[in-house]
Amino acid sequence: MHPDIVAISNVWQCDVRIDALKAEHEGLNRVIKAAEASLAAADAGLATAQAALAAAKTAERVNARELDSYTEKRAATREMINTGTAPDYAAAERQLANVIARIDTLETAGIELLDALEAAGEAVKSAERARKKALDDLAAGKAALAARDAPLRKELGEILPRREAAWEELHPELKPQYFDQRRKKKRALVNVVEKTCSACSTFVPPQVWLDTESGKEAHRCTGCGAWILP
Ligand SMILES: [Zn+2]
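Residues numbered from 1 in each chain as written. Predicted model: local features only at pLDDT ≥ 70, side-chain atom pairs only at ≥ 80, totals over all residues. Heavy atoms only, no water.

Caption draft 1: How the structure looks around the coordination of the zinc ion. In the first shell of the zinc ion, the protein supplies C197 (SG), C200 (SG), C221 (SG) and C224 (SG), at 2.3 Å from the metal. Each of the 4 donor atoms bound to the zinc ion contributes to angles spanning 97 to 117°, and the resulting shape is tetrahedral. Mapping the donors of the zinc ion onto the primary sequence gives the spacing C-x2-C-x20-C-x2-C. Given the relative accessible area of 3%, C197 is considered buried. (Donors = N, O, S within 2.8 Å, 3.2 Å for Na, K, Ca; no water. Tetrahedral: all angles 85-135°; square planar, octahedral: opposite > 155°, others 65-115°. Buried < 20%, exposed > 50% of the residue type's maximum accessible area, 1.4 Å probe, protein only.)

Pasting the structure below:
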């Protein structure tokens, strides 16, 4: 193998590993960020559900209180009618009819409010479950990062000086070329498969391949710029 290809390969291998370590670290952090966002959404959802439950409780209580008061009124009016103590019998009958009608309305409303109360209670439970899941996900994400953080940093700490040393071995002319290749997020090394570049499928002329194979010269793919591996 041409010494330039060996030197590039040494840097490239380090860079591939460094990229993978950084990507893993970023991935773990992304999971935590997503879990934090889910938790914030779950918190908001729970607060909304709790507010709705409180409102449903209040509405049900108000209705029940009014129903109690009308029930008492109905008993008192009946008592007056039955005992003949109503000052105006016809008026008392009318009042009783009105009170009964109001009680009907309040009872119907009461059933609906109880249904709403139950639904609001279920919504709170569901929001609490969502929040619990978000908390668990966040804890799992943090545990995953905690488990990998030190090993990732350790390996990165070991590989960076190796990369530095490999970089120093690179011919000065190759450095900007390699740097450019990385900047473009392209591979530094490619194989030749059936006379074409494995990355971009550009044709590799026979002479280029012969030079590469014999280690006589280091060539770059004319398509993607990567150095060709023998
Ligand atoms: Zn190519």
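Caption draft 2: A look at the environment of V11. The topology assignment puts V11 in helix 1 (residues 3-83). A sequence separation of 167 residues divides V11 from Y178, and the C-alpha atoms of the two residues are 9.3 Å apart. In this structure, V11 is in contact with R163, A166, W167, L170 and Y178, ignoring residues within four places of it in sequence. (Helix = DSSP H or I, 4+ residues; strand = E, 2+ residues; numbered from the N terminus. Contact = heavy atoms within 4.5 Å.)

Caption draft 3: Quick look at the pattern of salt bridges. Scanning the model with the defined rule gives 16 salt bridges in all. Ionic pairing is found between R17 and E155, a salt bridge with its closest N-O pair at 2.6 Å. With R17 in helix 1 and E155 in helix 2 (residues 89-169), this pair connects stretches of sequence that are 138 residues apart. The partly exposed category is assigned to E155, whose relative accessible area is 25%. The salt bridge partner of R183 is D180, with a shortest N-O separation of 2.6 Å. You can see R183 and its partner D180 sitting in helix 3 (residues 174-183), 3 residues apart, about one turn around the helix. (Salt bridge = Lys/Arg side-chain N within 4 Å of Asp/Glu carboxyl O.)

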